[in-house]
Amino acid sequence: MPRLLLLLTLVSMFLAVSLTTRGETPDQTLINLSLDASIDALAASDFPRLVTLLHPAAQRLFRDQLSGEFDLLLRVHPLDQLTIVSGLPQHPKDLGLSDAEFFVAACENSRLRHPDLVDKRWFPLREHGSIFDSDSVVHLTLSYAGRVRTERTDYTFVRPLVISFRRESHGWYLWSAPLADRIAAFWKQDLLAQQ
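Thresholds, definitions, all that
- All residue numbers refer to position in the chain's written sequence, counted from 1.
- Note on the predicted model: pLDDT of at least 70 is required for a residue's local features to be given, and 80 or more for side-chain atom pairs to be given and counted; whole-chain, interface and lining totals, by contrast, use all residues.
- Side-chain metrics rest on all non-hydrogen atoms present in the structure, leaving aside hydrogens and water.
- Two strands pair under a simple rule: DSSP has to find at least two bridges between them.
- Only DSSP runs of H or I covering at least 4 residues are called helices, and only runs of E covering at least 2 are called strands; the numbering of each starts at the N terminus.
- All axes are obtained by fitting lines to C-alpha atoms, using only the stretch in contact for helices, and the reported angles, taken between N-to-C directions, cover 0 to 180 degrees.
- Here the expected span of a helix is defined as 1.5 Å times the quantity of residues minus one.
- For every residue, the accessible area obtained with a 1.4 Å probe (protein chains only) is divided by the maximum for its type, and the residue is called buried under 20%, exposed over 50%, and partly exposed between those limits.
- Two residues qualify as a contact provided that any one of their heavy atoms is within 4.5 Å of a heavy atom in the partner residue.
- By definition in this entry, angles of less than 35 degrees are roughly parallel, angles greater than 145 are roughly antiparallel, angles of 65 to 115 are roughly perpendicular, and the rest are oblique.
- Should the near helix be turned anticlockwise from the far one by less than a right angle, the crossing is left-handed, and should it be turned clockwise, the crossing is right-handed.
- Residue polarity is assigned by list, with Asp, Glu, Lys and Arg as charged and Ala, Val, Leu, Ile, Met, Phe, Trp, Tyr, Cys and Pro as nonpolar; anything else, Gly included, falls into the polar class.
- For salt bridges, the criterion is a side-chain nitrogen of Lys or Arg within 4 Å of an Asp or Glu carboxyl oxygen.

Description of the pairing of strand β1 (residues 126–132)
Here comes step 1: The pairing of β1 with strand β2 (residues 137–149) spans six bridges and is classified as antiparallel. Across the sheet, the residue bridging to S130 is L140, located in β2.
Here comes step 2: Counted between consecutive antiparallel strands, the loop separating β1 from β2 contains four residues.

Looking at the sheet that holds strand β3 (residues 154–168)
Here comes step 1: Strand order in the open sheet made by the four strands is β1-β2-β3-β4, with antiparallel pairing throughout. Both edges of this open sheet fall to β1 and β4 (171–174), since each of them pairs with a single strand only. Taken over all neighbouring pairs, the strand axes of this sheet differ in orientation by 30° on average, direction set aside.
Here comes step 2: Pairing of β2 with β3, which is carried by 13 bridges, proceeds in the antiparallel orientation.

Points about helix α2 (residues 26–43)
What sets the pattern is the α-helix's 3.6 residues per turn: residues three or four places apart point alike.
Here comes step 1: Taking 1.5 Å per residue, 18 residues should reach 26 Å; α2 reaches 26 Å between its end C-alpha atoms and fits that length.
Here comes step 2: Inspection of α2 places I31, N32, S34, L35, S38, I39, A41 and L42 among the buried residues, and these make up the whole buried set.
Here comes step 3: Each element contacted by the buried residues of α2 is listed here: α3 (47–52), β1, β2, β3 and β4.
Here comes step 4: The positive-phi residue at the C-terminal boundary of α2 is S45, with phi of around 50°.

Considerations on the packing of helix α4 (residues 56–74) against helix α6 (residues 99–113)
Here comes step 1: Contact geometry of α4 with α6 gives a least axis separation of 8 Å together with a crossing angle of 55°. One finds that α4 runs oblique with respect to α6. In terms of crossing hand, the pair formed by α4 and α6 is left-handed. Side by side, α4 and α6 meet where Q59, R60, F62, R63 and L66 of the first sit next to D99, A100, F102, F103, A106 and C107 of the second.
Here comes step 2: Tallied by class, the residues present in the contact of α4 with α6 amount to seven nonpolar, one polar and three charged.

Focus: α4
Here comes step 1: Here α4 is 19 residues long and its end C-alpha atoms lie 27 Å apart, about the 27 Å a rise of 1.5 Å per residue gives.
Here comes step 2: Turning to α4, its buried residues are A58, Q59, F62, R63, L66, S67, E69, F70 and L73.
Here comes step 3: Contacts from the buried residues of α4 go to α3, α5 (79–86), α6, β4 and α7 (180–194).

Describing the pattern of salt bridges
Side chains that carry opposite charge are capable of pairing whenever their charged atoms lie near each other.
Here comes step 1: Evaluation of the coordinates by the stated rule reveals 12 salt bridges.
Here comes step 2: Residues R113 and D190 are paired through a salt bridge, measuring 2.9 Å at the closest nitrogen-oxygen approach. Here R113 is found in helix α6, whereas its partner D190 is found in helix α7, with 77 residues between them in sequence.
Here comes step 3: Residue classification places R113 among the partly exposed residues on the basis of a relative accessible area of 38%.
Here comes step 4: The residue R147 makes a salt bridge to D154 at a minimum N-O spacing of 2.8 Å.

Some words on unusual backbone geometry
Here comes step 1: Phi at S45 takes a positive value of approximately 50°, unusual for a residue other than glycine.
Here comes step 2: Locating S45 in the fold gives a position in the loop between α2 and α3.
Here comes step 3: When its relative accessible area of 11% is taken as the criterion, S45 is described as buried.
Here comes step 4: Here L179, not a glycine, exhibits a phi torsion of approximately 75°, which is positive.

Right, dumping it as structure tokens:
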């Protein structure tokens, strides 16, 4: 009986220690909550909610990225064609919108032309790990699986994805510019289709 008691005590101590060491830090918990909220908003194409989860610098980056793309496309295409495909009445820098309002407008306009702006094949995302740059920046490594099936080809793949978060006084905010590349690609695709 004493051996059984000793054995049960040792097993319970081992389980308590292993469960404690595997637990998340408070920051990891908050980051995962921010990641989950961001993914939920993205999957639902809820751009007004998604923008509230973006760091102000990411909102600015999104606008700058599309503004640069707009400039490059203006070299080749007239403004009226660009306003049609973007849904924006003028250049992103000339709009009287905040960066947050611009994010929502650009995403909503793109979704009107391309309902697949948020590709459902991206979900579910699998988290592989996190790298802390500092106490205030973390990079999460994620992936999603896909499949290509044609008449002569059939294969599956895993595509990696890195999303960054930055800590501010009110919590962790997405520090990446989601959808900017995809929206820019749709602008180019639509302009080519007009030719």
